[in-house]
Amino acid sequence: DAGVTQSPTHLIKTRGQQVTLRCSPISGHKSVSWYQQVLGQGPQFIFQYYEKEERGRGNFPDRFSARQFPNYSSELNVNALLLGDSALYLCASSAGLVGQPQHFGDGTRLSIL
Amino acid sequence: GENVEQHPSTLSVQEGDSAVIKCTYSDSASNYFPWYKQELGKRPQLIIDIRSNVGEKKDQRIAVTLNKTAKHFSLHITETQPEDSAVYFCAASRGTGNQFYFGTGTSLTVIP
């Protein structure tokens, strides 16, 4: 089975633009979580979706939004990009909602110029 | 919210020696504690996890211990090998969701 897949791999944007990142979970996994990893730090939780509903939101501004589709894939949208949004964006999937191992994708490296 | 602290930030050991990484958490409701290994430019990979109803778990050269009273857990790697060199992250999760709160990472270097 394929692991968690994310696209695109790399992305370069300018300040003020908008970006959409995509994630396909492991087959059979219904939960998708998004994390932001700034260089030299641990991943920071952004969102969790389970069965197409938002089940958790981290301490990120409203410029960040996400959704999950009927096939459990997910998109993360970031509007009005700032230089500080430059980071590796990781998607993780898990089989269930609570206390389940999360399996990460390779991430999308977003650079803001 | 949960606060996870991780020490040390860097660790160098000779090949064959043991390495220990320690984490503390603040939320007594946290009940699931995974450890991830992240090599440069690669995805975090789950290497071992422990739940709050267990005090210790082993998988070959890797072990994790949990002290719920003191709210700390540790990763132990024995007989280290150069391929163990990576950044290791601890995390904690509450029972009300699967949101992981990560530590700041430990960069482990195993010197041949």
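The structure contained in this document is the topic of the report that follows. Because the structure is predicted, anything quoted here is derived from the model rather than measured.

## Some remarks on the sheet that holds strand β1 (residues 5-7) of chain A
Neighbouring strands of a sheet are bound in pairs by backbone hydrogen bonds; such pairs are parallel or else antiparallel. Residues and elements named next belong to chain A. Reading across the sheet, the four strands line up as β1-β3-β8-β7 and stay open at both edges, with antiparallel pairing between neighbours. The open sheet terminates on both sides in strands that have one partner only, identified here as β1 and β7 (64-68). Between one strand axis and the next, the sheet turns by 15 degrees as a mean value, whatever way the strands run. Looking at chain direction, β7 and strand β8 (residues 74-78) are connected through five bridges and run antiparallel. Bridge pairing in β8 places Arg67 opposite Glu75.

## Describing the nonpolar core
B:Trp35, B:Phe73, B:Leu75, B:Tyr88 and B:Leu108 are the most contacted members of the largest nonpolar core, which totals 24 residues. For this core, the elements supplying multiple residues, two or more each, are β2 (10-14), β3 (19-25), β4 (30-38), β5 (45-51), β7 (62-67), β8 (72-77), β9 (86-94) and β11 (106-111) of chain B. Look past the residues within four positions of B:Tyr88 in its chain and what remains in contact with it is B:Gln6, B:Ile21, B:Tyr36, B:Lys37, B:Ile47, B:Leu75, B:Ile77, B:Gly105, B:Thr106 and B:Leu108. Listed in part, the 22 residues of the second largest apolar core include A:Ile26, A:Trp34, A:Leu76 and A:Leu81.

## Brief notes about the sheet that holds β3(B)
Residues and elements named next belong to chain B. With antiparallel pairing, five strands are arranged side by side in an open sheet as β1-β3-β8-β7-β6. In the strand order of this sheet, the two ends are held by β1 (4-7) and β6 (56-59), each with one partner. Between one strand axis and the next, the sheet turns through 15 degrees on average, direction left out of account.

## Quick word on the state of the cysteines
The full count for this structure, using the stated rule, is two disulfides over all chains. Sulfur-sulfur distance for the disulfide between A:Cys23 and A:Cys91 comes to 1.8 Å. Judged by the torsion about the S-S bond (-60 degrees), the A:Cys23/A:Cys91 disulfide is left-handed. In this pair, A:Cys23 is assigned in strand β3 (residues 19-24) and A:Cys91 in strand β9 (residues 87-94), connecting sequence segments 68 residues apart. Each member of the pair, A:Cys23 as well as A:Cys91, carries the same accessibility label: buried. The residue that forms a disulfide with B:Cys23 is B:Cys90, at a sulfur-sulfur distance of 1.9 Å. Residues B:Cys23 and B:Cys90 share a disulfide whose torsion about the S-S bond is about -100 degrees; that sign makes it left-handed. With B:Cys23 in strand β3 and B:Cys90 in strand β9, this residue pair connects regions lying 67 residues apart in the sequence. Each member of the pair B:Cys23 and B:Cys90 is classed as buried.

## Describing the packing of aromatic side chains
Tallied over the full model, the rule gives 16 aromatic pairs over all chains. Between the aromatic rings of A:Phe104 and B:Phe102, the centroid separation amounts to 6.1 Å while the plane-to-plane angle is 65 degrees, which identifies the pairing as edge-to-face. Of this pair, A:Phe104 sits in strand β10 (residues 103-104) while B:Phe102 sits in strand β10 (residues 100-102), each in a different chain. Like B:Phe102, A:Phe104 is buried. Relative to B:Phe102, the ring of B:Tyr36 lies with its centre 5.8 Å away and its plane at 50 degrees, an arrangement referred to as tilted. With a gap of 66 residues between them, B:Tyr36 in strand β4 and B:Phe102 in strand β10 connect regions that are remote in the sequence. The class of B:Tyr36 is buried, set by a relative accessible area of 0%. A connected cluster of aromatic rings, assembled from ring pairs, spans A:Tyr35, A:Phe45, A:Phe104, B:Tyr32, B:Tyr36, B:Phe89, B:Phe100 and B:Phe102.

## Description of the side chain of B:Thr80
All names here are of chain B. Relative to the helices and strands, Thr80 is located in the loop between β8 and β9. On the basis of relative accessibility, which here comes to 1%, the residue Thr80 falls in the buried class. At a separation of 3.3 Å, a polar atom in the side chain of Thr80 contacts the main-chain carbonyl oxygen of Gln14. A polar side-chain atom of Thr80 sits 2.8 Å from the main-chain carbonyl oxygen of Asp17. Once residues within four sequence positions are removed from consideration, Thr80 is found in contact with Val13, Gln14, Glu15, Gly16, Asp17, Ser18, Ala19, Arg61 and Val110.

What counts and what doesn't
Residues numbered from 1 in each chain as written. Chains lettered and ligands numbered in written order. Predicted model: local features only at pLDDT ≥ 70, side-chain atom pairs only at ≥ 80, totals over all residues. Heavy atoms only, no water. Pairing = 2+ DSSP bridges. Helix = DSSP H or I, 4+ residues; strand = E, 2+ residues; numbered from the N terminus. Axes fitted to C-alpha atoms, helices over the stretch in contact; angles between N-to-C directions. Core = buried A, V, L, I, M, F, W, Y, C linked by side-chain atoms within 4.5 Å. Buried < 20%, exposed > 50% of the residue type's maximum accessible area, 1.4 Å probe, protein only. Contact = heavy atoms within 4.5 Å. Disulfide = S-S within 2.5 Å. Phe/Tyr/Trp six-rings, centres within 6.5 Å; stacked < 30°, edge-to-face > 60°. Polar contact = N/O pair within 3.5 Å; in protein donor to acceptor, adjacent residues only side chain to side chain.

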